[in-house]
Amino acid sequence: MPISMPSADRCPFCDYLAGLSPASILEQGEHVAILVTRWQRGQGHVLVIPVAHRPTVMDVALAEERHLMNAVRRAARAIVAAYDPGGVAVWQNNGVPAHQTVPHVHFHVAGTLPDGGTRAGEVPRLDLDATDEIAERLSPHL
Ligand SMILES: [Zn+2]
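Cut-offs applied
- Residue indices begin from 1 for each chain and proceed along its sequence in written order.
- Per-residue local features are limited, in this predicted model, to residues with pLDDT of at least 70; the limit for side-chain atom pairs, both in listing and counting, is 80 or more; totals at the level of whole chains, interfaces and linings are taken over all residues.
- Labels follow the DSSP assignment, with helices taken as runs of H or I lasting at least four residues and strands as runs of E lasting at least two, numbered in each case from the N terminus.
- Atoms considered for the radius of gyration are the C-alpha atoms alone. The globule rule reads 2.2 Å times the number of residues to the power 0.38.
- Between the buried cut of 20 or more and the exposed cut of 12 or fewer other C-beta atoms within 10 Å of a residue's own C-beta lies the partly exposed class, and all C-beta atoms are placed from the backbone.
- We call two residues in contact if the C-beta atoms placed from their backbones are at most 7 Å apart.
- UniProt positions are given in the numbering used here, feature names are shortened, and annotations may be inferred rather than shown by experiment.

As recorded in an unreviewed UniProt entry, the protein goes by HIT family protein and comes from Nonomuraea mesophila.

For this particular structure, what's the right way to read the overall build of the protein?
If you tally the helices and strands in the protein, you get 3 helices and 5 strands. If you list the helices and strands of the protein from N to C, you get α-β-β-β-α-β-β-α. Relative to a compact globule of 142 residues, whose C-alpha radius of gyration would be 14 Å, the protein shows 14 Å and is just as compact. Along the first, second and third principal axes, the C-alpha set of the protein runs to 40 × 30 × 30 Å. Buried positions account for 32% of the 142 residues belonging to the protein. The long-range share in the protein, meaning contacts at least 24 apart out of those at least 6 apart in sequence, stands at 67%.

What should I look at first to understand the UniProt feature "domain: HIT" (unreviewed entry) in the protein in this one?
Cross-referencing UniProt, the feature "domain: HIT" (unreviewed entry) maps to residues 12–120 in the present numbering. Helix and strand shares over residues 12–120 are 26% and 25% respectively, and the end C-alpha atoms of the span are 21 Å apart.

Help me understand the environment of Met58, please; the structure alone is not making it clear to me.
For Met58, the position within the fold is in the loop between β3 (43–50) and α2 (62–83). Under the C-beta neighbour-count criterion, Met58 is labelled exposed, with 11 such atoms within 10 Å.

Shown next, in the form of structure tokens:
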């Protein structure tokens, strides 16, 4: 049985990469992109995604794997360099029961908060000026 996926008429991540809707794109290469999420759950919270639309981690192409992991590592190092957090959290969800909300595979990478951990539940949606500031802080360290 296939896993239960969030529904979406359009993929917001594909729209960001195509320039159809605005986003703070930290890096966009042939295989992988790094976006600053508007829903910050930790310090310097970014999303690492394949450029090609892949719904879940089970759909990632073999040729994309090393690019994704490389970007996760570089993002984690950039967050440490830019924010000096006590830790870095990396997480990835597949299917509605796992709390996946966008049907395009994404790896969350976020520095832990000063009190530890990351924010769960509702977080405020930042405007693009705020996410651009985060991108500018991370960018020199990628
Ligand atoms: Zn997509």
